[in-house]
Amino acid sequence: MTTIKPLLVVAAALVDADGRVLLQQRPPGRAMAGLWEFPGGKVEDGETPEAALIRELDEELGIQTHASCLAPATFASEALGDRHLLLLLYVCRKWQGIAHPHHATALQWVRPNQMYALEMPPADLPLIGLLDALL
Ligand SMILES: Nc1nc2c([nH]c(=O)n2[C@H]2C[C@H](O)[C@@H](COP(=O)(O)OP(=O)(O)OP(=O)(O)O)O2)c(=O)[nH]1
């Protein structure tokens with residue numbers, strides 16, 4: 001029997017005052033290079049999902065937020081190679097600092113209905129409609 005180990009990933013829909021969401025472009029040389037994703041990353045051993053997301057937002061964008069500013073929104077469940085991705089998406093409207101692409105090739109602020117035209121990871125596609133309805 002094949003054992004599938006879930007891969008737990010957390011990501012944020014950072015929403016600005018105009019209802020736009022921040023996406024970042026995955027850098028070259030990595031899986032899914034060039035695709036537009038929500039900032040975030042893997043939950044490490046011993047971390048809560050919220051602590052992992054706070055860490056990733058600081059590492060990737062240089063912004064700071066708090067667990068009380070992370071509202072669970074939805075999740076994705078998708079085969080990913082020999083793993084199974086569980087992606088927890090939070091909505092965050094409050095943070096400190098200005099987002100800069102520390103790891104990503106580029107950042108852009110988009111309305112959810114503009115995401116349909118962007119190349120995003122397969123797991124993210126079902127999340128767009130939810131964000132579109134929610135924001
Ligand atoms: N951050 C993020 N990852 C996503 C999204 N959609 C999606 O399928 N993923 C996948 C891509 C990767 O397989 C995984 C995230 O892992 P990663 O490698 O980017 O995370 P990480 O920052 O912890 O990276 P590393 O430590 O391995 O360098 O989740 C998304 O919207 N945001």
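Looking up the protein in an unreviewed UniProt entry gives the name 8-oxo-dGTP diphosphatase, with the organism given as Sphingobium vermicomposti. Word for word, the UniProt comment on the protein under Cofactor (unreviewed entry) is "Mg(2+)". The UniProt entry for the protein carries the following comment under Sequence similarities (unreviewed entry): "Belongs to the Nudix hydrolase family."

(A) View of the nonpolar core. One finds V10, A12, A13, L53, L89 and Y90 to be the most contacted residues of the largest nonpolar core, which totals 27 residues. Those elements that provide at least two residues to this core are β1 (5-14), β2 (21-25), α1 (49-61), β6 (83-92) and α2 (125-134). Take this core: its biggest share by element is six residues, from β1. Sequence-distant contacts of L89, defined by excluding residues within four places in its chain, comprise A11, A13, F38, A73, T74, F75 and L127.

(B) Representation of the pairing of β6 within the structure. Bridge count for β1 against β6 is 10 bridges, and the pairing is parallel. Its bridge partner being in β6, A11 is matched across the sheet by L89. For strand β5 (residues 70-80) and β6, the ladder comprises 10 bridges, and the chain directions are antiparallel. Looking at the pairing, E78 lines up with L85 of β6.

(C) Spotlight on the UniProt feature "domain: Nudix hydrolase" (unreviewed entry) in the protein. The UniProt record annotates "domain: Nudix hydrolase" (unreviewed entry) at residues 5-132. Helix makes up 16% of residues 5-132 and strand 35%. Its end C-alpha atoms lie 31 Å apart.

(D) Up close: α1. Its 13 residues give α1 an end-to-end C-alpha distance of 18 Å, which sits within 8% of 18 Å, the value for a rise of 1.5 Å per residue. Taken together, the buried positions of α1 are occupied by A52, L53, I54, E56, L57, E60 and L61. In the core, the buried residues of α1 are packed alongside β1, β2, β4 (40-42), β5 and β6. Of the residues trailing α1, G62 is marked for its positive phi of about 75°.

(E) The arrangement of the sheet that holds β2 in detail. What the three strands build is an open sheet, ordered β3-β2-β7; its pairing is antiparallel. At either end of the open sheet lies a strand with only one pairing partner, and these are β3 (36-37) and β7 (107-110). As paired strands, β2 and β7 are joined by four bridges and run antiparallel to one another. What sits directly across from L23, in β7, is Q108.

What counts as what
Residues numbered from 1 in each chain as written. Predicted model: local features only at pLDDT ≥ 70, side-chain atom pairs only at ≥ 80, totals over all residues. UniProt positions renumbered as here; feature names shortened; annotations may be inferred. Core = buried A, V, L, I, M, F, W, Y, C linked by C-beta atoms within 7 Å. Buried ≥ 20, exposed ≤ 12 C-beta atoms within 10 Å, placed from the backbone. Helix = DSSP H or I, 4+ residues; strand = E, 2+ residues; numbered from the N terminus. Contact = placed C-beta atoms within 7 Å. Pairing = 2+ DSSP bridges. Expected span 1.5 Å × (residues − 1).

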